[in-house]
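So you can see what is in the structure, the chains are spelled out below.
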Amino acid sequence: MLTEALTSDPSCDTGTKLFRADGVPVEWTIADGLVDYPEALAAMRARAAAIADGTASEQVWLVEHPPLYTAGTSSTPGDLLTPNRFPVYDAGRGGQYTYHGPGQRVVYFMLDLRQRGRDVRCLVQGLEGLIIDTLGAFNIKGERREGRIGVWVQRPDKGPGREDKIAAIGVRVSRWVTFHGIAINVNPALEHFGGIVPCGISDQGVTSFEDLGQLASMVDVDMALRTAFERRFGATGGIAHEALVPAA
């Protein structure tokens with residue numbers, strides 16, 4: 001389980017270190033409608049277990065959730081500022097409190113690291129790089145920060161040294177198979193982050209594509225995500241859409 005930032009390794013950003021040697025494509029699935037968090041968690045766990053057992057293929061699953069907070073294994077109770085605002089779920093991943101809601105693209109990665117170098121550090125760098133590449137397609141400069149997980153955007157308009165988080169990363173690895181993933185703020189209600197101290201960081205803010213003046217559809221973001229994934233992780237299969245009943 002990933003609970004803290006890992007030291008970066010330049011070799012993880014070059015070549016095909018995270019590619020499968022056999023070139024088998026990853027199933028790329030987009031959920032239609034909002035997905036309840038407990039449903040997503042159960043589906044991820046089941047798929048990861050099946051991948052570990054050799055009975056299912058890898059999957060990247062793109063979803064949106066109804067408004068909610070999730071608590072990672074390092075969460076501090078005091079960082080949940082308004083406990084009754086939205087449902088709060090134990091995520092079973094590393095990290096602290098995070099918000100999910102409409103307008104935020106959540107991407108869950110069920111990947112077999114036995115086929116991808118067995119290197120959790122490279123996995124995290126690959127996910128950071130994927131986010132940075134995706135943002136770059138919309139002229140947003142995302143950056144890493146040593147000692148912090150996630151991707152950040154400088155905000156000199158807010159004052160010297162200010163920066164906002166635009167994407168969060170929280171992953172778990174079990175039997176060398178990953179689950180959980182990333183959350184990119186496209187156009188969520190940023191005021192909803194006010195109910196928590198996001199990822200335990202209180203001295204910087206949160207931003208989104210919309211907040212930065214970049215109006216992008218979720219379809220456009222998904223296309224950029226897929227291109228970035230294939231650049232860093234290898235081939236994907238045909239897009240599958242899941243018609244789910246919208247969450248209440």
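Residues numbered from 1 in each chain as written. Predicted model: local features only at pLDDT ≥ 70, side-chain atom pairs only at ≥ 80, totals over all residues. Heavy atoms only, no water.

Caption draft 1: Looking closely at unusual backbone geometry. With phi around 50°, Arg118 is a residue other than glycine that occupies positive phi space. One can find Arg118 in the loop between strand S6 (104-110) and helix H2 (120-136). You can call Arg118 partly exposed: its relative accessible area is 46%. Phi is positive for Trp176, which is not a glycine, with a value near 70°. (Helix = DSSP H or I, 4+ residues; strand = E, 2+ residues; numbered from the N terminus. Buried < 20%, exposed > 50% of the residue type's maximum accessible area, 1.4 Å probe, protein only.)

Caption draft 2: Quick peek at helix H1 (residues 37-53). Compared with an ideal rise of 1.5 Å per residue, which puts 17 residues at 24 Å, H1 spans 24 Å between its outermost C-alpha atoms and is within 8% of the ideal. When H1 is considered as a whole, its buried residues turn out to be Tyr37, Ala40, Leu41, Met44, Arg47, Ala48, Ala50, Ile51 and Ala52. (Expected span 1.5 Å × (residues − 1).)

Caption draft 3: Quick look at the packing of aromatic side chains. In total, this model carries 10 aromatic pairs according to the counting rule given. When the ring of Phe229 is compared with that of Phe233, the centres are 4.9 Å apart and the planes differ by 10°; the resulting orientation is stacked. Within this pair, Phe229 and its partner Phe233 are both found in helix H3 (residues 218-233), separated by four residues, close to a single helical turn. By the burial criterion, Phe229 is buried, and Phe233 matches it. Taken together, the ring pairs in this structure connect Trp28, Phe109, Phe229 and Phe233 into an aromatic cluster. (Phe/Tyr/Trp six-rings, centres within 6.5 Å; stacked < 30°, edge-to-face > 60°.)

Caption draft 4: Representation of the pattern of salt bridges. Within this structure, the stated rule accounts for 18 salt bridges. Where Asp22 meets Arg20, a salt bridge forms, and the shortest distance between an N and an O atom there is 2.8 Å. Notably, a salt bridge pairs Lys158 with Asp164, separated by 2.7 Å at the nearest N-O pair. In this structure Lys158 comes out as partly exposed when scored by relative accessible area, which is 37%. (Salt bridge = Lys/Arg side-chain N within 4 Å of Asp/Glu carboxyl O.)

Caption draft 5: Quick look at the sheet that holds strand S5 (residues 97-100). Read from one edge to the other, the open sheet built from three strands follows the order S4-S3-S5, with strand pairing classed as mixed. Looking at which strands have only one partner, the edges of the open sheet turn out to be strand S4 (88-90) and S5. Strand after strand, the sheet turns through a mean of 30° between neighbouring axes, direction not considered. Here three bridges tie strand S3 (residues 68-71) to S4, and the two strands are oriented parallel to one another. Residue pairing in the sheet places Ala71 in a bridge with Asp90 of S4. The sheet strands contacting H1 are S3, S4 and S5, and the helix crosses S4 at an angle near 15°. (Pairing = 2+ DSSP bridges. Axes fitted to C-alpha atoms, helices over the stretch in contact; angles between N-to-C directions. Contact = heavy atoms within 4.5 Å.)

Caption draft 6: Focus on the pairing of strand S10 (residues 177-185). Within S10, nine of the nine residues are buried, which leaves the element mostly enclosed by the surrounding structure. Relative to S10, S6 is paired through five bridges, and the arrangement is antiparallel. Across the sheet, residue Val107 finds its bridge partner in S10, namely Ile182. When strand S9 (residues 163-174) meets S10, the two strands line up antiparallel, connected through eight bridges. Its bridge partner lying in S10, Gly170 is registered against Gly181.

Caption draft 7: Inspection of the nonpolar core at higher detail. Ranked by size, the top nonpolar core spans 39 residues in total, and within it Phe109, Leu130, Ile131, Ile182, Phe209, Leu225 and Phe229 carry the most contacts. At the level of elements, strand S1 (26-34), strand S2 (59-64), S6, H2, strand S8 (148-154), S9, S10 and H3 are the ones that each hand at least two residues to this core. Setting aside anything within four residues of it in sequence, one finds Ile131 in contact with Val151, Ala167, Ile169, Ile182 and Ile184. (Core = buried A, V, L, I, M, F, W, Y, C linked by side-chain atoms within 4.5 Å.)

Any functional reading would require information beyond the geometric quantities listed.
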